[in-house]
Amino acid sequence: MRVLEDDLFPSTPGKVKIERAGAMNRQLHRCFASTSTMFLWALFLVAMTASYLSFQSFVDTSSKYFAASWGGLYWERQIRASAAPRRPPGSATGAGMSVLVTGAAGFVGTHCSLALRKRGDGVVGIDNFNSYYDPSLKKARRSLLASHGVFVVEGDINDGRLLAKLFDVVPFTHVLHLAAQAGVRYAMENPASYVHSNIAGLVTLLEACKDADPQPAIVWASSSSVYGLNDKVPFSERDRTDQPASLYAATKKAGEEITHTYNHIYGLSITGLRFFTVYGPWGRPDMAYFSFTRNILQGKPITVYRGKNHVDLARDFTYIDDIVKGCLGSLDTAGKSTGTGGKKRGPAPYRIFNLGNTSPVTVPNLVSILEKHLRVKAKKNVIEMPGNGDVPFTHANISLARQQLGYKPTTNLDVGLKKFVKWYLSYYGYTRGSKNL
Ligand SMILES: O=C(O)[C@H]1O[C@H](OP(=O)(O)OP(=O)(O)OC[C@H]2O[C@@H](n3ccc(=O)[nH]c3=O)[C@H](O)[C@@H]2O)[C@H](O)[C@@H](O)[C@H]1O
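Predicted model, so just to flag it, every value in this text is computed and none were measured.

A.B. asks: In this structure, what is going on with the pairing of strand E5 (residues 217–223)? I would like to understand it.
C.D. replies: As a general feature of sheets, a regular strand has side chains that alternate between the two faces. Counting buried positions over the 7 residues of E5 gives 7, a clear majority of the element. On E5, burial covers both faces: Ala217, Val219, Ala221 and Ser223 on one face and Ile218, Trp220 and Ser222 on the other are all buried. Between strand E4 (residues 174–177) and its parallel partner E5, the chain crosses via helix H7 (residues 191–211), and the hand of that crossover is right-handed. Pairing of E5 with strand E6 (residues 270–275), which is carried by 6 bridges, proceeds in the parallel orientation. Residue pairing in the sheet places Ser222 in a bridge with Arg274 of E6. With respect to chirality, the unit in which E5 leads through helix H8 (residues 247–266) into the neighbouring parallel E6 is right-handed.

A.B. asks: Can you help me understand the packing of aromatic side chains in this one?
C.D. replies: Under the counting rule described, the total for this entry stands at 30 aromatic pairs. Ring centres 5.9 Å apart and planes at 75° place the aromatic pair Tyr279 and Tyr289 in the edge-to-face group. Pair noted here: Tyr279 is in strand E7 (residues 278–279) and Tyr289 is in helix H9 (residues 288–297), with a separation of 10 residues, a long-range link. Summarising the burial analysis for this pair, Tyr279 and Tyr289 share the class buried. Cluster of aromatic residues (ring-pair linked, three or more members): Tyr279, Trp282, Tyr289, Phe290, Phe317, Tyr319, Phe420, Trp423, Tyr424, Tyr427, Tyr428 and Tyr430. Note that Arg142 overlies the ring of Phe129, its terminal NZ or CZ placed 4.5 Å from the centroid. The ring of Tyr266 carries the charged tip of Lys210 above its face, separated from the ring centre by 5.0 Å.

A.B. asks: Help me understand the site of the ligand in this model?
C.D. replies: Around the ligand sit 22 residues, and of these Arg185, Ser223, Ser224, Thr303 and Asp390 come closest. For the ligand, an oxygen atom lies 3.4 Å from a polar atom in the side chain of Tyr248. One of the backbone N or O atoms of Thr277 is found 2.8 Å from an oxygen atom in the ligand. Calculation on the ligand without its partners gives an accessible area of 690 Å², and the protein chains cover 92% of this total.

A.B. asks: Even after reading the chapter, I still don't get helix H13 (residues 413–427), so can you show me in this structure?
C.D. replies: Structural remark: α-helix, 3.6 residues per turn; residues separated by three or four positions point the same way. Relative to the 21 Å expected for 15 residues at 1.5 Å per residue, H13 spans 20 Å between its end C-alpha atoms, a close match to the ideal helical length. Those residues of H13 lying buried are Leu413, Gly416, Leu417, Phe420, Val421, Trp423, Tyr424 and Leu425. Its buried side turned inward, H13 meets helix H5 (135–147), E7, H9, strand E10 (318–319), strand E12 (361–362) and helix H11 (363–374). For H13, the N-terminal cap is Asn412; the gap from its side-chain oxygen to the backbone nitrogen of Asp414 is 3.1 Å. Backbone geometry just downstream of H13 places Gly429 in the positive-phi region, at approximately 75°.

A.B. asks: Honestly, unusual backbone geometry in this entry has me stumped. Any pointers?
C.D. replies: Glycine aside, residues mostly have negative phi, and peptide bonds are mostly found in the trans state. Cis geometry marks the peptide bond from Asp213 to Pro214; its omega dihedral reads 5°. Relative to the assigned elements, Pro214 resides in the loop between H7 and E5. Cis geometry is found at the peptide bond from Val233 to Pro234, where omega equals -15°.

A.B. asks: Would you mind showing me how to read the packing of H9 against H13 here?
C.D. replies: The packing of two helices is summarised by the inter-axis angle and the distance between the axes. Relative to each other, H9 and H13 sit at 55°, their axes nearing to 11 Å. For the element pair H9 / H13, the angle class is oblique. As for how H9 packs across H13, the hand of that crossing is right-handed. Across the interface between the two elements, Tyr289, Phe290, Thr293, Arg294 and Leu297 of H9 pack against Leu417, Phe420, Trp423, Tyr424 and Leu425 of H13. Classifying every residue of the contact of H9 with H13 by side-chain character gives 8 nonpolar, 1 polar and 1 charged.

A.B. asks: Would you explain a positive patch on the surface in this entry?
C.D. replies: Together, Lys325, Arg402, Lys408 and Lys419 make up a positively charged patch on the protein surface. Its place among the elements puts Lys325 in helix H10 (residues 320–333).

A.B. asks: Would you mind showing me how to read the sheet that holds strand E1 (residues 98–102) here?
C.D. replies: Paired through their backbone hydrogen bonds, the strands of a sheet run either parallel or antiparallel. If you walk across this open sheet you meet the 7 strands as E3-E2-E1-E4-E5-E6-E11, and the pairing is parallel. The sheet terminates laterally at strand E3 (151–154) and strand E11 (350–355), the two strands that pair on one side only. On average, each strand axis in the sheet is tilted by 20° relative to the strand beside it, whichever way the strands run. As defined by bridge partners, E1 adjoins E4 across 4 bridges and the pair is classed as parallel. Looking across to E4, one finds that Thr102 is bridged to His177. Relative to the sheet, helix H6 (residues 160–169) contacts E1, strand E2 (122–127), E3 and E4, its axis offset from that of E2 by approximately 170°.

A.B. asks: Even after reading the chapter, I still don't get the packing of helix H4 (residues 107–118) against H10, so can you show me in this structure?
C.D. replies: As a packed pair, H4 and H10 sit with axes 10 Å apart at the nearest point and diverge in direction by 60°. When the interaxial angle is binned, H4 and H10 end up oblique. Viewed along their axes, H4 and H10 form a crossing whose handedness is right-handed. Seen from H4, the contacting residues are Phe107, Val108, His111, Cys112, Ala115 and Leu116; seen from H10, they are Ile320, Ile323, Val324, Cys327, Leu328 and Leu331. Of the residues belonging to the contact of H4 with H10, the class tally is 11 nonpolar, 1 polar and no charged.

A.B. asks: Can you walk me through the side chain of Ser193 in this structure?
C.D. replies: Within the secondary structure, Ser193 sits in helix H7. A polar contact is formed between the side chain of Ser193 and the backbone oxygen of Asn190, at a distance of 2.8 Å.

A.B. asks: How do you make sense of the side chain of His111 when you look at a structure like this?
C.D. replies: Its location among the elements puts His111 in helix H4. Judged by its relative accessible area of 15%, His111 falls in the buried class. Not counting residues up to four positions away in its chain, the partners in contact with His111 are Pro281, Trp282, Ile320 and Val324.

A.B. asks: What is the right way to look at the pattern of salt bridges in this model?
C.D. replies: Working definition: two side chains of opposite charge can pair if their charged atoms are close together. Counted under the stated rule, the structure contains 16 salt bridges. For Asp242, the salt bridge identified is with Arg240, shortest N-O distance 2.8 Å. When the shortest N-O distance is used, the salt bridge between Asp390 and Arg315 registers 3.3 Å. Of the two residues, Asp390 sits in the loop between strand E13 (379–384) and helix H12 (399–405) while Arg315 sits in strand E9 (residues 314–315), which places them 75 residues apart along the sequence. Relative accessible area serves as the criterion here: at 13%, Arg315 is assigned to the buried category. Connected via shared salt-bridge partners are Glu76, Arg80 and Lys165.

Conventions adopted
- Residues numbered from 1 in each chain as written.
- Predicted model: local features only at pLDDT ≥ 70, side-chain atom pairs only at ≥ 80, totals over all residues.
- Heavy atoms only, no water.
- Buried < 20%, exposed > 50% of the residue type's maximum accessible area, 1.4 Å probe, protein only.
- Helix = DSSP H or I, 4+ residues; strand = E, 2+ residues; numbered from the N terminus.
- Right-handed = clockwise from strand over helix to strand, strands pointing away.
- Pairing = 2+ DSSP bridges.
- Phe/Tyr/Trp six-rings, centres within 6.5 Å; stacked < 30°, edge-to-face > 60°.
- Lys NZ or Arg CZ within 6 Å of the ring centre and 35° of its normal.
- Near = heavy atom within 4 Å.
- Polar contact = N/O pair within 3.5 Å; in protein donor to acceptor, adjacent residues only side chain to side chain.
- Areas by Shrake-Rupley, 256 points an atom, 1.4 Å probe, with all protein chains shown as cover.
- Expected span 1.5 Å × (residues − 1).
- Contact = heavy atoms within 4.5 Å.
- Axes fitted to C-alpha atoms, helices over the stretch in contact; angles between N-to-C directions.
- Parallel < 35°, antiparallel > 145°, perpendicular 65-115°, else oblique.
- Left-handed = near helix turned anticlockwise from the far one by under 90°.
- Nonpolar A, V, L, I, M, F, W, Y, C, P; charged D, E, K, R; others polar.
- Patch = residues over 30% accessible without salt bridge, like charges linked within 9 Å, V, L, I, M, F, W, Y side chains within 5 Å.
- Salt bridge = Lys/Arg side-chain N within 4 Å of Asp/Glu carboxyl O.
- Lys, Arg positive; Asp, Glu negative; His and termini not counted.
- Charge placed at Lys NZ, Arg CZ, Asp CG, Glu CD.

Spatial relationships are all this shows, so hold off on functional conclusions.
Now the structure itself:
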């Protein structure tokens, strides 16, 4: 410090005052000069940072826009063509619907989209092709849909801009909402995915539907799992559903409450379908009947859960074609939504139906049927059901659906699994009588 002071203020007497004053002036000047230089530099840095940040946000926004796998005139043309009903004029079944099917590359979504298309309705699908299970199976389902003229948009139901765009391009009459994070036990591994799809995604979709003009009628997939620990059988729609056993069940139950709110406030027509363990060709690889088949064919053991006191678990397994009839019956009987411009104009229907088979089968019995159709014995590990969200049994009372939708399941587990096994062997390239079977 001293050295610095001496350098700045030379110690020659007499000269000191003048020189010091001059030096001080120079110093002050230098100081001001350096302060203003620093100020200018700081200003420059702030300006640079601000322009960098705004450039970044521009890049982010525009990259989102430009990287989107949707949009453009060709895309819109494909959407319109896919959404156009093709029923013959004057057809007894009316003019036909335009249905937006969410989760269209999923198991139930694919079957429903095909059935709608085959009878002449317009269908546009949306699916995010996530990797919860093998996306190549979802892509194969998309190819199947494409070969029947059904276009599937690759996108997420959490993308409000995409949904708004779809409703902009097509005045959908109905939404069949099947996109969801499925699976009961996976909820312990990845709870956030259930909230993302089954809660946040549902709300984003409902927001788009309530804003749409005209508002569509909504039919959506709830689940038998909402009955949770209910032990009054068979499960009726009037039974309590406030004891979920898994986060999956809780998000489906939340969906029933959330859709009720949108029905109440905005006049959206809502039909919730409680599916009971749906199975069949093009099914979900995470489900027991599918993974058991894979393991049995590969000579790997399967784990069979058993309830307390050695009681077998049972499910009201429901064949996909029966579920499809229930979904189409729901779309056909759904009353109109009443709102416009986000405002309710009158009461709209709010319905909930069980779609089950009404004849539960135990899991060991499911395995025996598979062994028969595969002609291979399973290597079974029987263990007590872990506390993983499973419920011991499900059993649907379907009187309401029968009465109001004409729902009447016709396929028992034996016949349904035979069809599933036939599809599985062909899809995965097994040949009867050859070395691989
Ligand atoms: O109705 C529904 O709402 C749900 O149905 C389906 O759930 P679940 O009925 O649990 O079907 P699924 O996994 O095939 O297990 C079947 C049986 O096999 C037993 N199970 C399962 C796996 C295993 O390794 N071992 C075993 O014994 C298991 O303990 C159970 O007893 C859908 O996945 C779900 O998304 C939802 O739609």
